[in-house]
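# Notes for the structure review
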Amino acid sequence: MKGLCLMLGLLLGACNVTKYLKPGETLYTGAEVKVKSDKPVNKKEIRKQLESVLRPKPNQTILGMRIKLWFYYKAGESPEGKFKKFLKNKLGEKPVLFDAQIPVHVADLMTNRLINSGYFQAAVAYSVQTAKKKTEVLYEAEVSDPYTIRNVRFPQDSTLLGTRIREAEEKTLLKPGTRYDLDLLKTERQRIDLILKDQGFYFFNPDYLLFKADSTKGTKQVDLLMLVKNDMPEKAGTEYRMDRIYIFPSYRMRDTSAVVRGDTLRVDGFDYVSRDSAFKPRTITSSVFLKPGERYSRKSHNLSLSRLMGMGVFHYANIRFVDSLKNGRGQLDAFIYLTPMKKRSLQL
């Protein structure tokens, strides 16, 4: 019977945590998002996007009761003793109080999210409902038809970089009629970056590409122009080919010099530098897919590391590149550092 009374007391206390609030404080209990539109838009998808920017997260509830919050208050403002400190800091949870500035910020985030998703004429309003020291926020988004892509123009310059970017246009993700979406533009930049990385543009970065959007040409349509930033470093627009490739199969983590001393062999165009004969050189070189004289390729770079580590004999594998210009052409020297695993033996 005493146990039942104790449990009832705990439940009642957890249900009535607002009595611990100071004058002027109210407990934030969450938010609701509604989407209004007189057009056939996907309200469920839009509401999901907007809910992802809701801030803050209200206190946790268990069967409608804020037990963690009750523990926090029950332990006292300055708890003494291990049990009360454990109750407050481990089991307890700080109160999430309503702040009048947060809905303003969240409404702005929601508006930006809608604009980035093609709903250029969207508007978000909010209302605050407070009762019994508890505050809930209602956000209402009003949207119309989203803007769609009318056409896309890729860089028209005659540079090698511009030519390579135009060659990637055939498989672009930006198709006419597709809803304008900032995330899709970012994905397109990353797609082109991956293509360029496999064609020798070692220093290129997707941030060097930008889009200009013109929404004045059609009815809720956007013309996109892809540009290369004017302040892009010269290296980023240079195609690099592999020059010398050095392989160090007995590199030790404690080595302080970037270049390890050892006997050097010329094997299949590689400079194989080793302190011992623990490995057959061609066993290593056959797993390196970067080749002297060929264009740098990120795919070959990653595949080389994957194959070398997949041999099961190296604890560490890394490739360092040093760039240079020879006769106006970009060159990369590669230094492949391989740290063998410790040898193990068993004697009977």
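Data block above holds the structure.
Residues numbered from 1 in each chain as written. Predicted model: local features only at pLDDT ≥ 70, side-chain atom pairs only at ≥ 80, totals over all residues. Heavy atoms only, no water.

## A word on the overall build of the protein
When helices and strands are counted, the protein shows 9 helices and 11 strands. Its C-alpha atoms give the protein a radius of gyration of 31 Å, clearly above 20 Å, the size a compact globule of 348 residues would have. The principal-axis extents of the C-alpha atoms in the protein amount to approximately 85 × 80 × 35 Å. Out of the 348 residues belonging to the protein, those deemed buried represent 37%. Summarising the internal contacts of the protein: among those between residues at least 6 apart in sequence, 63% fall at separations of at least 24. For the protein, the exposed area adds up to about 21200 Å²; of that, 51% sits on carbon and sulfur atoms. (Helix = DSSP H or I, 4+ residues; strand = E, 2+ residues; numbered from the N terminus. Rg over C-alpha atoms; globule rule 2.2 N^0.38 Å. Buried < 20%, exposed > 50% of the residue type's maximum accessible area, 1.4 Å probe, protein only. Contact = heavy atoms within 4.5 Å. Areas by Shrake-Rupley, 256 points an atom, 1.4 Å probe, with all protein chains shown as cover.)

## Regarding helix H7 (residues 182-197)
When the terminal C-alpha atoms of H7 are compared, their 23 Å separation across 16 residues agrees well with the 22 Å that a helix rising 1.5 Å per residue should span. Along H7, the residues classified as buried are Leu185, Glu188, Arg189, Arg191, Ile192, Asp193, Leu196 and Lys197. Where H7 is buried, its residues meet helix H6 (160-167), strand S5 (209-218), strand S6 (221-228) and helix H9 (298-310). The N-cap residue of H7 is Asp181: its side-chain oxygen and the backbone nitrogen of Asp183 are 2.9 Å apart. (Expected span 1.5 Å × (residues − 1). Polar contact = N/O pair within 3.5 Å; in protein donor to acceptor, adjacent residues only side chain to side chain.)

## Let's talk about unusual backbone geometry
Of all residues except glycine, most have a negative phi; of all peptide bonds, most are trans. Look at the link from Arg55 to Pro56: it is a cis peptide, with omega at -15°. Here Pro56 lies in the loop between helix H2 (43-51) and helix H3 (67-74). Backbone geometry at Asp268 places phi at a positive 55°, although glycine is not the residue there. Residue placement: Asp268 occurs in the loop between strand S8 (263-267) and strand S9 (270-274). Judged by relative accessible area, Asp268 falls into the partly exposed class, the value being 44%.

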